[in-house]
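Read off the chains here:
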Amino acid sequence: MQSSPSSPATIASAELRSAIHGRVIAPDDAGYDEARTVFIGGIDRRPAVIVRVADASDVATVIALARDSGLELAVRSGGHSSIGHGVSEGGIVLDLSAMKALDIDVDGRTAWAETGLTAAEYSAAAGAHGLATGFGDTGSVGIGGITLGGGVGYLVRKHGLTIDDLLAAEIVTADGELLHVDADNHPDLFWAIRGGGGNFGVVTRFHYRLHEVPSFVGGMLLLPATPDVVAGFIAAAEAAPEELSTIANVMPCPPMPFVPEEHHGKLVILGLMAFAGDTEDGERALAPFRALATPIADMLNPMPYPQIYPPDDESYHPLAITRTMFVETIDGRVAETIVEHLEASDAEMRVAQLRVLGGAMARVPADATAFAHRGSRIMVNIATFYEGPDDRDLREAWVEGLSTALLQDDHGAYVNFLADEGDERIRAAYPGGTWDRLAAVKARYDPTNLFRLNQNIPPSAS
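A brief structural summary. (Residues numbered from 1 in each chain as written. Predicted model: local features only at pLDDT ≥ 70, side-chain atom pairs only at ≥ 80, totals over all residues. Heavy atoms only, no water.)

**Quick look at the overall build of the protein**
When its secondary structure is counted, the protein shows 14 helices and 19 strands. Taken over 462 residues, the protein has a buried fraction of 56%. Expressed as a percentage of contacts within the protein between residues at least 6 apart in sequence, the contacts between residues at least 24 apart total 72%. About 18,300 Å² of surface is accessible on the protein, with carbon and sulfur atoms providing 51% of the total. In the protein, 33 side chains carry a positive charge and 63 a negative one; their mean positions are 2 Å apart. (Helix = DSSP H or I, 4+ residues; strand = E, 2+ residues; numbered from the N terminus. Buried < 20%, exposed > 50% of the residue type's maximum accessible area, 1.4 Å probe, protein only. Contact = heavy atoms within 4.5 Å. Areas by Shrake-Rupley, 256 points an atom, 1.4 Å probe, with all protein chains shown as cover. Lys, Arg positive; Asp, Glu negative; His and termini not counted. Charge placed at Lys NZ, Arg CZ, Asp CG, Glu CD.)

Here it is, written out as C-alpha cells:
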C-alpha cells in the first residue's frame, strides 16, 4: 500500500481502515488520548495514527506503511518503556495489545504466546496448570519488550532469563516477511532477538518453555534500612539457594495502611522475595532475612506463583529519572554510601533497587545470546520521582551522584532499564563483540533502520 507522509488525514484514510483487520485510531477518534498514553509520566506525543493490529498480516501492512511513508514507527506491547518508545510524535504506532492468543501445551511444557499479552495474563493462564515462564517484576509489562531485552525477574536464579526459555519466535521484518526463527531457522536473527531489543522486526508470537512451579513462597518483607541490614540482605541473597530470587528496594517507607505510621518516610528495605520450590525449604531460605532485624512487616507466605504480581493501578504514571548498572559487591561501605545518598535527598520517592543475580542465568555462555552480562553479580537500579521542570535538574543530579559513587569494575547496562543516556550507554549494554555482531544482523534484516525508536543499534556499514 502506497501512502504519502503529507498529513495525518492521509495516514488515517479509508484505505488504511479497509486494509486492517484490527482497529485504526486517528487523532479525531474516540479513545485516541487513551491509546497514546504510555506508562511513564510526562510523555505527551501525538502520533499521526495508532493501529491496534489483530494479526501478523496487519503488522506487515503497518510496517509497509511506515516504510513507504517515511514516518517514524513506534512498536508498543505493554507501553512500559522508561522513555516512551511505545509512542511517536507525528509518526505511526503499531500497537500489539489486542494480540493475546495463548496456546499452552501442558504435557509438552511449552506455550505459544502472542505479543500483546502481559506478564500477569500469561502467568495466570500458565499458573492454572502449575507452570510458569519467568518474566519481570511488574504484571502489566508486555511480554514483548521484556523478552526481547532479556527478562530479569522472579525466577532468574532458578530458571534464568526469559530468553533462556525462548524456543522460537515469529517475526515480521522490515521487508514485511513473516519469519519463523529458532536455533535452526535464521539462527543469527534468533540469537539477536534474545537481548537485542526491538531492533530487528516485530515479533508477533513467542514459543516459550514452561517450568513446573507447583509450590511457591513469596511476597514482601519490610525491614529497617541501616547499612548493616542492607549489606546483610545482599550477603544472604548471595548465599541463598538458587530457588530464591530477591529484589531489595532501599527507599523511604510508603504510607502503606498496614505499616505503623512512625515508619512512614523512614528508610526501609522493601524486599520482594520469590522462592520457587518446596514450602519448608522456602521458609528455611527466608529465615536469614527475617533474622537481619525485626521486620516492620512480614507478608511472606505460600502462594500460587501468579500472585507475585499484584493488581496494577492503571492511573499510575510516575515522573521518574532512572539509571541502571551492575556492581560486583555491596559490602558495608557500599551500603553506607547508598543509605547516605538516600538520606540526603528530599524527593518524595527515591530508591536504590538491588538484585542479586547468578544461578541459572550465569551458567549460559556470554555469547549464546545477545544478553552478554552473564557474569554480572548484582544489578542496581537507581530512581527518583520529580514533580516537574523546576526540580528535574536537582533530581537528575542526585541520580547521577549516587550512580557515580557506586560505580565499580562492571560498566555494563541492562538494556530494558536504560533511560535516554546516549550511544555510549547503549553500547555498554552490548559489550565485547556483541555490538558488532548485532550491527551485522541489523544490516541484514533492517538495513535502513526502520526499527529505530528503541535503544538503537544502527546497521553496520558493511
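That covers the picture; the talk isn't over yet.
**Some remarks on the sheet that holds strand β10 (residues 202–209)**
On the basis of which strands lie adjacent, the open sheet formed by five strands has the order β5-β6-β10-β8-β9 and antiparallel pairing. Every interior strand has two partners, whereas the edge strands, β5 (102–105) and β9 (178–181), have only one. Averaged over all neighbouring strand pairs, the angle between strand axes comes to 10°, with direction disregarded. Relative to strand β6 (residues 110–114), β5 is paired through four bridges, and the arrangement is antiparallel. Residue Asp-103 lies in a different strand from β6, and its bridge partner there is Trp-112. With respect to the sheet, helix α5 (residues 119–127) is in contact with β5, β6 and β10, its orientation differing from that of β5 by roughly 35°. (Pairing = 2+ DSSP bridges. Axes fitted to C-alpha atoms, helices over the stretch in contact; angles between N-to-C directions.)

**Brief notes about the nonpolar core**
Leu-189, Ile-193 and Tyr-305 are the most contacted members of the largest nonpolar core, which has 64 residues in total. Every residue in contact with Ile-193, bar those within four places of it in the chain, is listed here: Thr-147, Leu-148, Leu-166, Ala-169, Ile-171, Val-181 and Phe-200. Counting residues in each nonpolar core, the second largest holds 44 residues, with Ala-248, Ile-269, Met-325 and Ile-378 among its members. (Core = buried A, V, L, I, M, F, W, Y, C linked by side-chain atoms within 4.5 Å.)

**Quick word on helix α14 (residues 434–445)**
Because each turn of an α-helix spans 3.6 residues, side chains separated by three or four positions end up pointing in the same direction. With 12 residues, α14 should reach 16 Å at 1.5 Å per residue; the first-to-last C-alpha distance of 17 Å fits that figure. Taken residue by residue, α14 has Thr-434, Trp-435, Leu-438, Ala-439, Val-441, Lys-442, Ala-443 and Tyr-445 as its buried positions. Where α14 is buried, its residues meet β9, α8 (187–193) and α13 (423–428). (Expected span 1.5 Å × (residues − 1).)

**Side note on the packing of aromatic side chains**
One pass over the full model with this rule turns up 12 aromatic pairs. The interplanar angle of 75° and the centroid separation of 6.4 Å between the aromatic rings of Tyr-305 and Tyr-309 together place this pair among those described as edge-to-face. Like Tyr-309, Tyr-305 is buried. Ring geometry for Tyr-414 against Phe-417: centres 5.0 Å apart, planes inclined by 85°, an arrangement best described as edge-to-face. Connected via pairs of aromatic rings, a cluster forms that spans Tyr-122, Phe-135, Phe-206 and Tyr-208. The residue whose ring lies beneath Arg-392 is Tyr-386, and the NZ or CZ to ring-centre distance is 5.0 Å. (Phe/Tyr/Trp six-rings, centres within 6.5 Å; stacked < 30°, edge-to-face > 60°. Lys NZ or Arg CZ within 6 Å of the ring centre and 35° of its normal.)

**Observations concerning the pairing of strand β14 (residues 267–275)**
Among the nine residues that make up β14, eight are buried, leaving the element largely enclosed by the rest of the structure. When strand β12 (residues 217–224) meets β14, the two strands line up antiparallel, connected through eight bridges. Paired with Met-220 across the strands is Leu-272, a residue of β14. Relative to β14, strand β13 (residues 244–252) is paired through nine bridges, and the arrangement is antiparallel. By the bridge assignment, Ser-245 is partnered in β14 with Ala-274.

**Remarks on the sheet that holds strand β4 (residues 92–95)**
Read across the open sheet, the four strands follow the order β1-β2-β4-β3; overall the sheet is mixed. Lying at the two open borders of the sheet, with one neighbouring strand each, are β1 (23–25) and β3 (73–76). The mean inter-strand angle of the sheet, taken between neighbouring strand axes irrespective of direction, is 20°. Relative to strand β2 (residues 49–52), β1 runs antiparallel, the two being bridged by three bridges. Looking across to β2, one finds that Arg-23 is bridged to Arg-52. Its contacts with the sheet put helix α4 (residues 56–69) on β2, β3 and β4, and the angle it makes with β4 is roughly 165°.

**Topic: the side chain of Thr-173**
Within the secondary structure, Thr-173 is located in the loop between β8 (166–172) and β9. Residues in contact with Thr-173, not counting those within four places in the same chain, are Ile-63, Leu-179, Leu-189, Phe-200, Gly-201, Tyr-445 and Phe-451.

**Quick word on helix α11 (residues 332–344)**
Across its 13 residues, α11 extends 18 Å between first and last C-alpha, which sits within 8% of the 18 Å expected from 1.5 Å per residue. Next to the buried residues of α11 lie α9 (227–239), β13, β14, β18 (350–356) and α12 (389–406). The opening residue of α11 is Asp-331, an N-cap whose side-chain oxygen sits 3.2 Å from the backbone nitrogen of Arg-333. (Polar contact = N/O pair within 3.5 Å; in protein donor to acceptor, adjacent residues only side chain to side chain.)

**Some thoughts on the pattern of salt bridges**
Overall, the coordinates contain 26 salt bridges when judged by the stated rule. With a closest N to O distance of 2.9 Å, Asp-33 and Arg-36 form a salt bridge. Its relative accessible area of 44% is what places Asp-33 among the partly exposed residues. Given the relative accessible area of 12%, Arg-36 is considered buried. Of the charged contacts, one joins Asp-137 and Arg-355 as a salt bridge, the two residues approaching to 2.6 Å between their closest N and O atoms. Placement of the pair is Asp-137 in the loop between β7 (131–132) and α6 (143–149) and Arg-355 in strand β18, with a sequence separation of 218 residues. Note on Arg-355: relative accessible area 3%, which makes it buried. One continuous salt-bridge network, built from bridges that share partners, spans Asp-33, Arg-36, Asp-44 and Arg-46. (Salt bridge = Lys/Arg side-chain N within 4 Å of Asp/Glu carboxyl O.)

Just geometry here; none of it tells us what the structure is for.
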